[in-house]
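A closer look at the structure
So the chains spell out like this:
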Amino acid sequence: MNSSFFASITSLFSMTDEQAMWRVRMHDDAHAFAQLVGRWEGPIQRLCARMLGDEQRGEDLTQDTFARLFAKRKEYQTTGRFSTFLWRVALNLCYDELRRRRRRPESPLDDQILEIDDLPALTVMESAPDAVLVQREQGEIVRQAVSRLSEAYRSVVILRHYENLKFREIAEVLGIPEGTVKSRMAEALTQLHRILDHAFEDDKPVLCKTQSKRTEETLVL
Amino acid sequence: MQNPEQTDRRDPGAVNHPGTEEWISYLYGETPRASKASLTAHLKTCVTCRNTLAPWQAAQACLAQWQLGAPCAHRRFAWALPALKWALAALVVLGLGYAIGRVSGMRTDALEPALRASLVDAVKQQVRDEIRADWQAVLANSPDAVNTDFRRQLRSDLDQWSARTVAASRAESQHLLLGFADTYSANRQQDHQTFLTLFDRANQKRQAEYVSLRRALETVAVVADDKFQRTDSELGQLASYAEARFVSDKTSEPFEPATQSNRKGN
């Protein structure tokens, strides 16, 4: 919290993303581009990793995203938001990669159901190793469930739920009306619930179900 | 399966259920404050809507199980940055005003130390109050307005800078083009001169070779003519010698009358 607040204060004295991108576009400013990479590497890496369901490939695609960003720097409109432009570039690369995978499947891990014995052994046991294992297993199930969504629904879920973009911002990134984004979100949540309900029905009690009850109580009260 | 895009249904009864988009905004905290209260009140009493939201909330809770890393730090306080920038700008302006006032004002050397100290304290307090008031005013304003002002200012600055940059780049391009044209013309003239020089040199060489060849041919012709003449005279001499010898042989040999048998044998 303190470090992030400090980072926000220091960012007051640095260029905004739009200023940095303008410098990259007009002067090929390497320093400004390095600042943009430093600021956005994490979010783009998470987006790519979640869209592909593969963290390693997500890192590769992050590098490709910034390479394409530099290649397309002349296409950036100074009146638009830099983040919208960057999200769009990254999402297009993710779509290309997913299309390539569909044509030539090369990752059998995506379709495997991870068993508890397949999880890597913990060399350093934390305070509650069984809880860690359960959380990992549930995370893997959620990853597979998200991967089963179509690209249109998956991108909306990841941008809204994990990257915390507003529905209005997602609509700008995807170039669709805000109402369509919300409808896709609702449909994605419905499909996710159906998939996860089926996946978790053998693993009761389920942590996220108990959390959902708590969330519901919070909302209602 | 029921399609949520079509769940914006209206109960034929007295209760009007909010639509899908409203509930999704509500779930993610994007509902305005007034609507949020009414939606919460509706949810308390409406079983249908609670049943609609329950699977979405369960899926939401499950999504939190898939963690990759910490959220991006610089986005957490992004909403406060414009206000903080304006506050800092106000602080700088006030500080500058205070410093200029102190420098350009009457000299305090002549004042009593107590009076000077009280004035300094009063000014400090006043500046502090003004800064606090400006800070509160900036924070009290809607962040959207501050954000909009900042964007408008930034956009106008960017337009001015881009216009200046375009004008400067155009002038520089014209200058470079003129320089390029001059250089191209000079190089072309130099190439032309070089070509003419080489052509003249080749022509002279060709003429010199032509003259040399002609001399050689004339020499060959003269020598050949001389040889022909000498050969002709030698042939004439040889013919005269042969004729004289034939005559002398005829006259010196005794006459042998040719017999009939010899003739026949020959």
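Small disclaimer: the values here were computed from a predicted structure and weren't measured. (Residues numbered from 1 in each chain as written. Chains lettered and ligands numbered in written order. Predicted model: local features only at pLDDT ≥ 70, side-chain atom pairs only at ≥ 80, totals over all residues. Heavy atoms only, no water.)

**Section: the overall build of chain A**
Heads up, the rule is: Runs of E in the DSSP output that reach at least two residues are strands. Runs of H or I that reach at least four are helices, and both are numbered from the N terminus. We call two residues in contact whenever any of their non-hydrogen atoms come within 4.5 Å of each other. Residue burial considers only the protein chains on display, and all accessible areas are found by Shrake-Rupley using a 1.4 Å probe.
The secondary structure content of chain A amounts to 10 helices and zero strands. Secondary structure elements of chain A occur, N-terminal to C-terminal, as α-α-α-α-α-α-α-α-α-α. Sequence-distant contacts in chain A: of pairs separated by 6 or more residues, those separated by 24 or more amount to 63%. Of the roughly 11700 Å² of accessible surface on chain A, a fraction of 51% belongs to carbon and sulfur atoms.

**Notes on the overall build of chain B**
Test applied: Exposure categories follow from relative accessible area, calculated using a 1.4 Å probe and restricted to protein chains: below 20% of the type maximum is buried, above 50% is exposed, and the middle band is partly exposed.
Each helix and strand counted, chain B has seven helices and zero strands in total. Within the span of chain B, comprising 266 residues, buried residues form 17% of the whole. Taking the intrachain contacts of chain B between residues at least 6 apart in sequence as the baseline, contacts between residues at least 24 apart amount to 55%. A total accessible area of about 20200 Å² is found for chain B, and carbon and sulfur atoms account for 58% of it.

**With respect to the state of the cysteines**
Filter applied, for reference: Disulfide assignment relies on a single distance test, namely cysteine sulfur atoms paired within 2.5 Å.
Within the structure shown, the criterion is met by zero disulfides over all chains. The structure places no disulfide on cysteine 48 of chain A, whose sulfur is separated from the nearest cysteine sulfur, that of cysteine 94 of chain A, by 3.9 Å.

**Notes on helix H2 (residues 17-27) of chain A**
Among the residues of H2 of chain A, Asp17, Ala20, Met21, Trp22 and Val24 of chain A are the ones counted as buried. Two residues or fewer after H2 of chain A comes aspartate 28 of chain A, characterised by a positive phi angle close to 55 degrees.

**With respect to a positive patch on the surface**
As a reminder, the rule being used: Only residues above 30% relative accessible area that lack a salt bridge enter a patch, with like-charged residues linked at up to 9 Å and the nonpolar side chains Val, Leu, Ile, Met, Phe, Trp and Tyr linked at up to 5 Å. A carboxyl oxygen of Asp or Glu within 4 Å of a side-chain nitrogen of Lys or Arg is what we treat as a salt bridge. Neither His nor the chain ends is counted toward charge; the positive residues are Lys and Arg and the negative residues Asp and Glu. Here the site of a charge means atom NZ of a Lys, CZ of an Arg, CG of an Asp or CD of a Glu.
Together, Arg102, Arg116, Lys124 and Arg128 of chain B make up a region of like positive charge exposed at the surface. The greatest single-element share of the positive patch, amounting to three residues, is contributed by helix H5 (residues 113-140) of chain B.

**A few points about the pattern of salt bridges**
Residue and element names in this part refer to chain A. Evaluation of the coordinates by the stated rule reveals 19 salt bridges over all chains. Note that glutamate 97 and arginine 57 form a salt bridge whose closest N and O atoms lie 3.0 Å from each other. Of this pair, glutamate 97 sits in helix H5 (residues 82-103) while arginine 57 sits in helix H4 (residues 55-71), and the two are 40 residues apart along the sequence. Here the residues in one salt-bridge network are Asp54, Arg57, Asp60, Glu97, Arg100 and Arg101, joined through shared partners.

**Details of the packing of aromatic side chains**
Stated precisely, the cut-off is as follows: The pairing test for Phe, Tyr and Trp rings, Trp by its six-membered ring, is centres within 6.5 Å, and the orientation test on the planes gives stacked under 30 degrees, edge-to-face over 60, and tilted for anything in between. Lysine and arginine charges are scored as sitting over a ring when NZ or CZ, respectively, is within 6 Å of the ring centre and within 35 degrees of the ring normal.
All told, the structure shown has 11 aromatic pairs over all chains when counted by the stated rule. Relative to tryptophan 161 of chain B, the ring of tryptophan 22 of chain A lies with its centre 6.5 Å away and its plane at 45 degrees, an arrangement referred to as tilted. Here tryptophan 22 of chain A is found in helix H2, whereas its partner tryptophan 161 of chain B is found in helix H6 (residues 143-252) on a different chain. Look at tryptophan 22 of chain A and you get buried, because its relative accessible area is 10%. Overall, the relative accessible area of 38% leaves tryptophan 161 of chain B in the partly exposed class. One aromatic cluster is present, formed by Trp40, Tyr76, Phe82, Phe85 and Trp87 of chain A through successive ring pairs. Over the aromatic face of tryptophan 66 of chain B sits the side chain of arginine 50 of chain A, whose NZ or CZ is 5.0 Å from the ring centroid.

**Brief notes about the environment of alanine 145 of chain A**
On the secondary structure map, alanine 145 of chain A appears in helix H6 (residues 129-147). Beyond its immediate chain neighbours, meaning those up to four positions away, alanine 145 of chain A contacts Leu192, Ile195 and Leu196 of chain A.

**Regarding the packing of helix H3 (residues 30-52) of chain A against H5 of chain A**
All names here are of chain A. We apply this condition: In this analysis an axis means a line fitted to C-alpha atoms, helices contributing only their contacting stretch, and an angle means the value between N-to-C directions, from 0 to 180 degrees. Left-handed describes a crossing whose near helix is turned anticlockwise from the far helix through less than a right angle; right-handed describes the clockwise counterpart.
H5 packs onto H3 with a crossing angle of 35 degrees between their chain directions and a minimal axis gap of 10 Å. Along this stretch, H3 crosses H5, giving a crossing that reads as right-handed. Residues Leu36, Trp40, Pro43, Ile44, Leu47, Cys48, Met51 and Leu52 of H3 lie in contact with H5, whose contacting residues are Phe82, Ser83, Leu86, Trp87, Ala90, Leu91, Cys94, Tyr95, Glu97, Leu98 and Arg101.

**Describing a nonpolar patch on the surface**
Together, Val92, Leu96 and Ile100 of chain B make up a nonpolar patch on the protein surface, roughly 290 Å² of accessible area in all. Topologically, leucine 96 of chain B is positioned in helix H4 (residues 81-104).

**Let's talk about the packing of helix H7 (residues 151-162) of chain A against helix H8 (residues 167-174) of chain A**
Residue and element names in this part refer to chain A. As a reminder of what qualifies: Roughly parallel covers angles under 35 degrees, roughly antiparallel covers those over 145, roughly perpendicular covers 65 to 115, and oblique covers all other angles. Gly is placed with the polar residues, together with every amino acid not listed as nonpolar (Ala, Val, Leu, Ile, Met, Phe, Trp, Tyr, Cys and Pro) or charged (Asp, Glu, Lys and Arg).
Contact geometry for H7 and H8: axes closest at 10 Å, N-to-C directions at 140 degrees. Judged on the interaxial angle alone, H8 and H7 are oblique. Crossing of H7 against H8: the hand is right-handed. Contacts from Ser155, Val156, Leu159 and Arg160 of H7 reach H8 at Phe167, Ile170, Val173 and Leu174. Grouping the amino acids of the contact of H7 with H8 by side-chain chemistry returns six nonpolar, one polar and one charged.

**So, unusual backbone geometry**
Residues and elements named next belong to chain A. If you check the backbone angles, aspartate 28 has positive phi at about 55 degrees while not being a glycine. A relative accessible area of 38% means that aspartate 28 is categorised as partly exposed. Positive phi, normally seen in glycine, also occurs at asparagine 164, with a value near 60 degrees. For asparagine 164, the location among the structural elements is in the loop between H7 and H8.

**Describing the confidence of the model for chain B**
Residues and elements named next belong to chain B. Threshold: The predictor reports its confidence for every residue as pLDDT, a score running from 0 up to 100.
On average, residues of chain B score 81 in pLDDT, and 79% of them are at 70 or above. Under a pLDDT of 50 for its full length, residues 1-14 has, in the predicted model, 25 contacts with residues more than four places off or in other chains. Scored below 50 in pLDDT, residues 70-74 makes 11 contacts in the model with residues more than four places away or belonging to other chains. Overall fold confidence (pTM) sits at 0.52, and the ipTM for the predicted complex is 0.75.

**Regarding H7 of chain A**
Residue and element names in this part refer to chain A. Note the threshold: To estimate how far a helix should reach, multiply one less than its number of residues by 1.5 Å.
Here H7 contains 12 residues, and its C-alpha end-to-end distance of 15 Å stays within 8% of the 16 Å for a straight helix at 1.5 Å per residue. By the criterion of burial, H7 is predominantly enclosed, with 10 of the 12 residues buried. Among the residues of H7, those classed as buried are Glu151, Tyr153, Arg154, Ser155, Val156, Val157, Ile158, Leu159, Arg160 and Tyr162. A positive backbone phi angle near 60 degrees is found at asparagine 164, which sits one or two residues after H7.

**Observations regarding the side chain of threonine 62 of chain A**
Residue and element names in this part refer to chain A. Summarising the element assignment, threonine 62 is placed in helix H4. Given the relative accessible area of 3%, threonine 62 is considered buried. For threonine 62, the contacting residues outside a window of four places in its chain are Glu41, Ile44, Gln45 and Cys48.

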